[in-house]
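Structural overview for review
Letter by letter, the chains look like this.
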Amino acid sequence: MDKKIILSVAGSGKTEYAIKKINLEDKFLLLTYTDNNYLNLKERIVKKFGYLPNNVKIYKYYSFLYNFFFKPLLFYSFPAKEIDFNSRAGKYIKGTDDKYFINPINNKLYSYRMSKLLLDRVKDDCIKRLNKYFDYIIVDEVQDFSANDFNFLEIFCNSTDNVLFIGDFYQHTYDSSTDGMVKKNLYKCSDKYIKELKKFGLSIDVTTLQKSYRCSSSVCKFIEKKLGIDIKSHNEKDSEIRLVENEKEIDNIMKNGEIVKLFFQKHYEYGSFSNNWGNSKGCDCYNDVCVILNNTTTKFFPCELKSLSPNNKSKLYVAITRAKNNVYFVKESQIKKYKSNNKK
């Protein structure tokens, strides 16, 4: 398998590609960040083999750090029984005491500094443990890893020659962690991101998963032209992709329980079949999609969408690429009356 990262596009079958690499002879580690993807990986493996093989271990990232590395290697120095995902320590100063890794109030590990703690204290031991227990390492949704967590990816690359990272740079909608200026601008430019990955000794594959099975050629062409993101389709099917401004047509869309409405935020205020742009990542069950344009995106739509901030453009890309068929755009300013608190 060698050391490789495949930069994919939405709907290209990246999870299926990863599952095909798994056999019943070698020892596999599968890592991901989100709950949804963890369950998806588990379901796909059970579907392939009929059960979850003993030689395949699936973990969510922080659970893996804590149980596989921290407990056997550092628990004697840091008797923390839980991870603190909410609190923040002070600015880290190299060579200072342990308060930058563990919250003295609740005796929990700061989640965003777990990777740094392991890198600083037991880096070589982490590599040895991985080498001992796993032949192959697959990290899915790698675009979610940031700050110290991104730096920790080097550990996986140094533990075995069989490493596969898969992710879609433009589906980076949130950071696994932040810590001051640590890799702060990592996702502002794809070239910079690739340059950082090459430092881990990874080969870069930008061709294998560059076609979407989910999105039509019409949707892919819109994304390429308006968002400047390179994505192709496996099919030549045409579908509608347009701005809807007619009030009667908007009303039909808003009342249609088969068309999901995707909002920038606070989708729950509309009490319908809906989700937020970023949160819809991983959803593969939508046919027609209605993307609600907030005020900021409306100003850029449709010709200046490339000028959106990287984070907003990524969230919009996620929303548009949920569609298997048609994509409708509706301005949020035209649907205020559909808010739940406006209904009698």
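Preceding this paragraph is the structure being described.
Residues numbered from 1 in each chain as written. Predicted model: local features only at pLDDT ≥ 70, side-chain atom pairs only at ≥ 80, totals over all residues. Heavy atoms only, no water.

This part covers the pairing of strand 13 (residues 260-263). The two faces of a sheet get side chains in turn, since along a regular strand they alternate between them. Here strand 13 shows two buried faces, one formed by Val-260 and Leu-262 and the other by Lys-261 and Phe-263. Looking at chain direction, strand 13 and strand 15 (residues 289-293) are connected through 3 bridges and run parallel. Directly across from Leu-262, in strand 15, lies its bridge partner Val-291. Relative to strand 14 (residues 274-276), strand 13 runs parallel, the two being bridged by 3 bridges. Its bridge partner lying in strand 14, Phe-263 is registered against Asn-276. (Buried < 20%, exposed > 50% of the residue type's maximum accessible area, 1.4 Å probe, protein only. Helix = DSSP H or I, 4+ residues; strand = E, 2+ residues; numbered from the N terminus. Pairing = 2+ DSSP bridges.)

A few words on the environment of Val-122. Inspection of the secondary structure puts Val-122 in helix 4 (residues 114-133). With relative accessibility at 5%, the residue Val-122 sits in the buried group. For Val-122 and Leu-73, which are 49 residues apart along the polypeptide, the C-alpha to C-alpha distance reads 7.3 Å. With residues up to four places along the chain from it excluded, the contact list for Val-122 reads Leu-73, Leu-74 and Leu-117. (Contact = heavy atoms within 4.5 Å.)

A few words on helix 4. For an α-helix, the turn length of 3.6 residues means that residues three or four places apart are oriented alike. Across its 20 residues, helix 4 extends only 21 Å between first and last C-alpha, which sits more than 12% below the 28 Å expected from 1.5 Å per residue. Along helix 4, the largest kink reaches about 100° and is centred on Val-122. For helix 4, the secondary structure elements touched by its buried residues are strand 2 (28-32), helix 3 (61-74), strand 4 (83-84), strand 6 (108-110), strand 7 (136-139) and helix 5 (147-159). (Expected span 1.5 Å × (residues − 1). Bend = angle between axes of the 7 residues up to and from the residue.)

There is about 740 Å³ of room inside the largest pocket. Along the wall of the largest pocket there are 33 residues; nearest its centre are Lys-14, Thr-15, Asn-40, Arg-44 and Arg-214. Of all the elements in the fold, those that place two or more residues in the lining of the largest pocket are helix 1 (14-20) and helix 2 (35-49). A per-class count over the lining of the largest pocket returns 6 nonpolar, 15 polar and 12 charged. Approximately 480 Å³ is the volume attributed to the second largest pocket. Within the lining of the second largest pocket, the residues separate by chemical class into 10 nonpolar, 11 polar and 6 charged. (1 Å grid on protein atoms, 1.4 Å probe; cavity = no way out; pocket = protein on both sides within 12 Å on 5 of 7 lines; lining within 4 Å. Points joined across faces, edges and corners; volume = space filled by probe spheres on them. Nonpolar A, V, L, I, M, F, W, Y, C, P; charged D, E, K, R; others polar.)

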